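Okay, here's what each chain looks like letter by letter:
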Amino acid sequence: LMLAVYDPNKGHSYVFESMKIVLKTHPDCHLIICGDHMGDEKILVENKLKSIIEKRYNIHLLDYIPNASKLIGQADILLIATQGTEAFGLTALEAMKYKKPIVSTEIDALRDTVGPDGIAGYCCDKNNHALYAKKIIYLLDNPDVKIQMGINGNKRLKEKFSAKLMANNYQSLFNKINKDKKEL
């Protein structure tokens, strides 16, 4: 599953190149992509898909679906393939909520969200779609690992990204700013 707006920064072409490799060993694997778009972005992604993968019946490009994060619960793996910048890995946290492993590109906040490789998922170089495919295949071939990564991700979510922890961190930051202002 990939939840991403149809935008070049989100790495659809990268995922298609990876899926071309995955489908050689897992021809029954399906990829569902849900995302919002304006103008011709989705058409451009569809055209890119046609140019990369000849038999596309395993890849489903859907429009925006309200509450699409609930689809994560039905997926095996969440894919994030950002190619530029990502301010925060909210979609990764949603995968952790549903105990799903993540295969992501190693971009900005995604590494901080996903954590060390092999715990809750993997972060791969944005120029190495073959490694990205290898990680997907590994998870598909190793259901016990996939389940454990999902459990680890859920634990990471609760330990590092709970609302209470984030509120406490913001409060500490505000206290520090106020203290620094008083010292000036």
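Our structure is the block above this text.
These figures come from a predicted structure and were not determined experimentally.

(A) Geometry of the sheet that holds strand β1 (residues 2–3). Spatially, the three strands line up as an open sheet ordered β1-β2-β3, and their pairing is parallel. Each edge of the sheet is formed by a strand with only one pairing partner; in this case those strands are β1 and β3 (59–62). Of the strand pairs in this sheet, strand β2 (residues 31–34) and β3 are connected by four bridges, and their pairing is parallel. Across the sheet, residue Cys34 finds its bridge partner in β3, namely Leu62.

(B) Representation of unusual backbone geometry in the model. For Asn67, which is not a glycine, the phi torsion comes out positive at approximately 60 degrees. By secondary structure assignment, the location of Asn67 is in the loop between β3 and β4 (78–80). Look at Asn67 and you get exposed, because its relative accessible area is 55%. Despite not being glycine, Lys99 has its phi angle at roughly 60 degrees, a positive value. For Lys99, a relative accessible area of 45% gives the class partly exposed.

Parameters at a glance
- Residues numbered from 1 in each chain as written.
- Predicted model: local features only at pLDDT ≥ 70, side-chain atom pairs only at ≥ 80, totals over all residues.
- Heavy atoms only, no water.
- Pairing = 2+ DSSP bridges.
- Helix = DSSP H or I, 4+ residues; strand = E, 2+ residues; numbered from the N terminus.
- Buried < 20%, exposed > 50% of the residue type's maximum accessible area, 1.4 Å probe, protein only.

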